[in-house]
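Inside the fold
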Amino acid sequence: MTDQWQNTLGWEPSAAQQQQFQQLYALILEGNTRLNLTRITQPEEFWEKHLWDSLRGIKGWLQADTLAKAIDIGTGAGFPGIPMALVLPQTQVTLLDSIRKRMAFLTSLLREMGVKNATAVVGRAEAVGQLPQYREKYDVAMIRAVAAAPVCAEYALPLLKVGGKAVLYRGHWTAEEAEGLELALQQLGGAIESVDAFTTPLTQGVRHCVYLSKDKPTPAEFPRAVGVPASQPLG
Ligand SMILES: C[S@@+](CC[C@H](N)C(=O)[O-])C[C@H]1O[C@@H](n2cnc3c(N)ncnc32)[C@H](O)[C@@H]1O
């Protein structure tokens, strides 16, 4: 897969990082026998949909490990946050999810792999976004396969420092979705910075990464109470 990394990202993992990817795959497969972690279990599919896709969204940061703090909201089995932590060892990555069992599994996986720059946290994005130790503390927030775009924005923007970026990992992306997201962002203190359209290298799946910038502090009322962003999306 070395050529695939180079051809698509202009970057390739070191031999040590490739070994860590192998170990991650083995541990996720093992965890999957006890916990419902992921449906993506075949080696090529795991490479494309979990490893490659996770890192494609942070392509711009792969050459220079300059981020201080990142958060992966609704990390599930650890994507995109764990691949990010493995390739950016100077970045402190928070893996956030509301499912306690999954976060207990990720905590033991990180210990077993010796990963020191990632921490699994159990919580709802709506609640964590109101806690002073997390609010406006992050340079980057990633969010993949969690909710509609305006909901993702309401989860992510409060956690970002002013000047921080959110990466929304999406499949298809339409002009209507962009319009709804813009309206939500006006209330949250952010804007759409760019939209990157691409296909995955093995199965040509359609993907869009929507990059948001946080331009001013998010009003204290956001995120709203648990469940409200999803039931009454902004916009
Ligand atoms: C479909 S999984 C996606 C997991 C991973 N991001 C990926 O792409 O493989 C969605 C995850 O988001 C979590 N989640 C959904 N809403 C959340 C919220 N408000 N706060 C924290 N986690 C949430 C769920 O518990 C679940 O683990």
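Residues numbered from 1 in each chain as written. Predicted model: local features only at pLDDT ≥ 70, side-chain atom pairs only at ≥ 80, totals over all residues. Heavy atoms only, no water.

**Some remarks on the site of the ligand**
If you check the shell around the ligand, you find 17 residues, and the closest are G74, F79, D97, R102 and R144. Here A125 contributes a backbone N or O atom positioned 2.9 Å from a nitrogen atom of the ligand. The separation between a nitrogen atom of the ligand and a polar side-chain atom of E126 is 3.0 Å. Relative to its free-state accessible area of 600 Å², the ligand is covered by the protein chains to the extent of 80%. Judged by its atoms lying within 2 Å of the grid points, the ligand is housed in the largest pocket. In terms of residue class, the shell around the ligand is made up of six nonpolar, six polar and five charged. (Near = heavy atom within 4 Å. Polar contact = N/O pair within 3.5 Å; in protein donor to acceptor, adjacent residues only side chain to side chain. Areas by Shrake-Rupley, 256 points an atom, 1.4 Å probe, with all protein chains shown as cover. 1 Å grid on protein atoms, 1.4 Å probe; cavity = no way out; pocket = protein on both sides within 12 Å on 5 of 7 lines; lining within 4 Å. Sits in = over half its atoms within 2 Å of the grid points. Nonpolar A, V, L, I, M, F, W, Y, C, P; charged D, E, K, R; others polar.)

**Details of the UniProt feature "binding site: S-adenosyl-L-methionine" (unreviewed entry) in the chain**
Feature annotation in UniProt places "binding site: S-adenosyl-L-methionine" (unreviewed entry) on G74, F79, A125, E126 and R144, given in this structure's numbering. Cross-referencing the annotated residues with the largest pocket identifies G74, F79, A125, E126 and R144 as lining it. Tracing the backbone shows E126 in helix α6 (residues 125-128). Leave out the neighbours within four places in its chain, and E126 touches Y155, P223, R224, A225, V226, G227 and P229. (UniProt positions renumbered as here; feature names shortened; annotations may be inferred. Helix = DSSP H or I, 4+ residues; strand = E, 2+ residues; numbered from the N terminus. Contact = heavy atoms within 4.5 Å.)

**Concerning the pairing of strand β3 (residues 118-122)**
Bridge analysis of strand β2 (residues 92-97) against β3 gives five bridges, and the strand direction is parallel. Along β3, the bridge assignment pairs V93 with A118. Each parallel crossover has a hand, and for β2 linked through helix α5 (residues 100-113) to β3 it is right-handed. (Pairing = 2+ DSSP bridges. Right-handed = clockwise from strand over helix to strand, strands pointing away.)

**A few points about the sheet that holds β2**
What holds strands together in a sheet is hydrogen bonding between their backbones, with the strands either parallel or antiparallel. Read from one edge of the open sheet, seven strands run β3-β2-β1-β4-β5-β7-β6, paired in mixed fashion. Here the strands that pair on one side only, and so sit at the sheet edges, are β3 and β6 (190-199). Ignoring strand direction, the axes of neighbouring strands in this sheet form an average angle of 20°. With six bridges connecting them, strand β5 (residues 160-170) and strand β7 (residues 206-214) associate as antiparallel partners. Its bridge partner being in β7, R170 is matched across the sheet by H208. (Axes fitted to C-alpha atoms, helices over the stretch in contact; angles between N-to-C directions.)

**Here's the deal with the packing of helix α7 (residues 149-156) against helix α8 (residues 175-188)**
Two numbers describe how α7 lies on α8: the axes approach to 9 Å, and their chain directions differ by 20°. Judged by the angle between their axes, α7 and α8 are roughly parallel. Helix-helix and strand crossings are classified by hand; for α7 and α8 the assignment is right-handed. Of the residues in α8, those touching α7 at A149, P150, A153 and E154 are G180, L181, A184, L185 and L188. Of the residues in the contact of α7 with α8, the class split is seven nonpolar, one polar and one charged. (Parallel < 35°, antiparallel > 145°, perpendicular 65-115°, else oblique. Left-handed = near helix turned anticlockwise from the far one by under 90°.)

**Some remarks on the nonpolar core**
If you look at the biggest cluster of nonpolar residues, it comprises 47 residues, and the most contacted ones within it are W5, L24, L55, I58 and L109. Beyond its immediate stretch of four places on either side in the chain, L24 contacts F46, L51, F79, I82, L86, L109 and M113. Counting residues in each nonpolar core, the second largest holds 32 residues, with V128, A153, L168 and I192 among its members. (Core = buried A, V, L, I, M, F, W, Y, C linked by side-chain atoms within 4.5 Å. Buried < 20%, exposed > 50% of the residue type's maximum accessible area, 1.4 Å probe, protein only.)

**Quick word on the pattern of salt bridges**
One pass over the full model with this rule turns up ten salt bridges. Between K161 and D139 there is a salt bridge whose closest N-O contact spans 3.0 Å. Of this pair, K161 sits in strand β5 while D139 sits in strand β4 (residues 138-144), and the two are 22 residues apart along the sequence. For K161, a relative accessible area of 30% corresponds to the partly exposed category. The closest approach of N and O atoms between R224 and E154, which form a salt bridge, is 2.7 Å. In this pair, R224 is assigned in the loop between β7 and α9 (228-231) and E154 in helix α7, connecting sequence segments 70 residues apart. (Salt bridge = Lys/Arg side-chain N within 4 Å of Asp/Glu carboxyl O.)

**Some thoughts on the layout of surface pockets**
Within this model, the largest pocket holds a volume of roughly 800 Å³. Along the walls of the largest pocket sit 33 residues, with G74, F79, R144, A145 and V146 positioned nearest its centre. The biggest single contributor to the lining of the largest pocket is helix α3 (residues 43-56), with four residues. In terms of residue class, the lining of the largest pocket is built from 13 nonpolar, nine polar and eleven charged. Computed from the structure, the second largest pocket encloses a volume of approximately 220 Å³. Residue lining of the second largest pocket: M1, W5, Q18, F21, Q22, Y25, P43, F46, W47 and L51, and that is the complete set. (Points joined across faces, edges and corners; volume = space filled by probe spheres on them.)

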